[in-house]
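Examination of the molecular architecture
The chain contents come next:
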Amino acid sequence: MALDADWAERWVRRTADAIADAKGELTELDRQIGDGDHGENMDRGFRAVVARLDDPAAQPGAGDERTVGDVLKLVATTLMSTVGGASGPLYGTAYLRAAKVSGRPQIDPPAVVAVLEAALEGVSSRGKATVGEKTMVDAWQAAVDAAEAAARDGGSEVDVLRVAAEAADKASTATIPMVATKGRASYLGERSAGHEDPGARSTALVLGAALAAALAGPTSADPHGAA
Amino acid sequence: MTARVALVLVSHSADLARGAAELAGQMAPDVLVRGVGGGPDGGLGTSLDAIQKTLEEVLAVLSDAGAAGGGVVVLGDLGSSVLTVEAALELDDALAEHVVLARAPFVEGAVAAAVTAHGGADRDAVLASATASAGMFAAIEAAQASGAGETAPAEAAEGSRTVTVRNPLGLHARPAALVSRKVAELGASVTIDGVDASSVLQLMALGATQGRELRVEATGDGAAEAVTTVVEMIEAGFGEV
């Protein structure tokens, strides 16, 4: 089962649900080591994305010709326009770079890996962050490493997304003892230790939604996702 | 508006953006300076749409001067405004062709860039001026530490005179901008009390109030005339006496 634009749309809708459910948790994490707006900002951004997907006049791509990249590009521009904080351009750039490598109706496991690599490259270059600085890059890098290994071993799209989501979740938890050296949390220095990075947590939610969307298949009740 | 380079100042705060644009614009009336600030909901934050709209408007006004050396220099205040400008340039190649983001202190960089642009400088020179503003504090400390005017400069000045500040407010923003713009036109290398007189920021940082005696020195082509010109400007009181 290759992943198509309908999967991408289910992914985005499920991300919006997951972010909405975790809004309070993300904001609480960000209140501890940041400026306390990550949950609100991400929720506002993804609600705006869903609103555009629901708007017949704003549909990405052209009907049956719609590509995975069309959907991801819509996410990119909407997040950049509506989030308002640093996570807007960071996630926006991740989706934008991912869209550039997925301009096809369907993507296979190596292409799924390419999407994740492009997203990682977007976040790290825009944020000028690398692994170990207690940022969302930690979660993205772990996801990419796991996904590359799974694809190399001949795993399916679902296999690739499953290990990516699990790795991101673990990597996010692993940010708890770290001392932040990038982003707003770095202002706290040593005091940033003991708290999970909110951007790493939201990354884990995004990738968990990608897996759930693949597992759900095209028979889910998504208004535009049904075959 | 005759300058070929415009400035766009992007802040988390609409008030801060507007205020910085007002300040920089006042010191460089020939330069188009626009501020854009605040999030999508109007509170503190950054709005991609507002940044794109402002850049497009500014480029539309500049269109005639958008040729060689023209364009827009952008300054951002903090994290997400800088990131959002970078994202806007990544999204739109046409914007990226004419717009460049300066890594510079927001207020000091805006003032320095505006004054440089006022003299008709090209985009690279305006960008360099903004970037150099990051070093202004160190430059001023170095000038003061060397005991400006007390010790002989390494390169003997070809012209040197002292002048007393006459206007009540001293060498504040507007006079400093007038002097630095004039010095940039003259070609000679001019210092006032040891600081670079073509730098509006360094002149302002002298804190030269009424009654203070300043030493004006110059080297290079037309040094003596340059000293005379600057001394006359200061003696005339900038229209404030």
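Please read these numbers as outputs of a predicted model, since none were measured by experiment. (Residues numbered from 1 in each chain as written. Chains lettered and ligands numbered in written order. Predicted model: local features only at pLDDT ≥ 70, side-chain atom pairs only at ≥ 80, totals over all residues. Heavy atoms only, no water.)

**Points about the pattern of salt bridges**
- Taken as a whole, this structure holds 24 salt bridges over all chains when the rule is applied.
- With a shortest N-O distance of 2.6 Å, A:E9 and A:R66 are connected by a salt bridge. Note that A:E9 is positioned in helix 1 (residues 5-21) and A:R66 in the loop between helix 3 (38-54) and helix 4 (68-82), a separation of 57 residues in sequence. For the pair shown, A:E9 and A:R66 are each scored as buried.
- Here B:E240 and B:R174 are joined by a salt bridge, their closest N and O atoms 2.9 Å apart. (Salt bridge = Lys/Arg side-chain N within 4 Å of Asp/Glu carboxyl O. Helix = DSSP H or I, 4+ residues; strand = E, 2+ residues; numbered from the N terminus. Buried < 20%, exposed > 50% of the residue type's maximum accessible area, 1.4 Å probe, protein only.)

**A few points about the interface of chain A and chain B**
- Listed as interface residues are 18 residues of chain A and, on the opposing side, 13 residues of chain B.
- Taken together, the two surfaces of chain A and chain B that pack against each other cover about 1,300 Å², and 55% of this comes from carbon and sulfur.
- When the buried area of chain A at its contact with chain B is split by residue, A:M80, A:S81 and A:R126 rank highest and sum to 41% of it.
- At the boundary of chain A with chain B, the tally comes to six salt bridges.
- The salt bridge involving A:K128 is made with B:E86; its shortest N-O contact spans 3.3 Å.
- Take the side of chain A that touches chain B: its biggest share by element is six residues, from helix 5 (residues 87-100) of chain A.
- When the residues that make up the side of chain A that touches chain B are grouped by side-chain class, the tally is six nonpolar, six polar and six charged. (Contact = heavy atoms within 4.5 Å. Buried area = accessible area lost by both parts, 1.4 Å probe. Nonpolar A, V, L, I, M, F, W, Y, C, P; charged D, E, K, R; others polar.)

**Examining the domain arrangement of chain B**
Residue and element names in this part refer to chain B.
- Segmentation of chain B into domains returns domain 1 (5-133) and domain 2 (138-239).
- On a C-alpha basis, the centroid separation for the pair domain 1 and domain 2 is 29 Å.
- Between domain 1 and domain 2, a total of about 650 Å² is buried, with carbon and sulfur atoms accounting for 79% of that surface.
- Between the two partners, domain 1 and domain 2, sit zero salt bridges.
- Taken together, the connections running from domain 1 to domain 2 amount to two residue pairs in polar contact (both at pLDDT 80 or more).
- When grouped by side-chain class, the residues that make up the side of domain 1 that touches domain 2 number six nonpolar, two polar and one charged. (Domains from an automatic or database assignment. Polar contact = N/O pair within 3.5 Å; in protein donor to acceptor, adjacent residues only side chain to side chain.)

**A few points about the packing of aromatic side chains**
Residue and element names in this part refer to chain A.
- Scanning the model with the defined rule gives three aromatic pairs over all chains in all.
- Ring plane angle 45 degrees and centroid distance 6.0 Å describe the contact between W11 and Y95, whose orientation is recorded as tilted. Here Y95 lies in helix 5 and W11 lies in helix 1, a separation of 84 residues in the sequence. The two residues W11 and Y95 agree in class, both being buried.
- An aromatic cluster is present here, built from W7, W11, F46 and Y95 joined pairwise through their rings. (Phe/Tyr/Trp six-rings, centres within 6.5 Å; stacked < 30°, edge-to-face > 60°.)

**Points about unusual backbone geometry**
Residues and elements named next belong to chain B.
- Although it is not a glycine, D193 adopts a positive phi angle of roughly 50 degrees.
- Residue position: D193 is located in the loop between strand 6 (189-192) and strand 7 (195-196).
- For D193, a relative accessible area of 15% corresponds to the buried category.
- At F238, a position not held by glycine, the phi torsion is positive, near 55 degrees.

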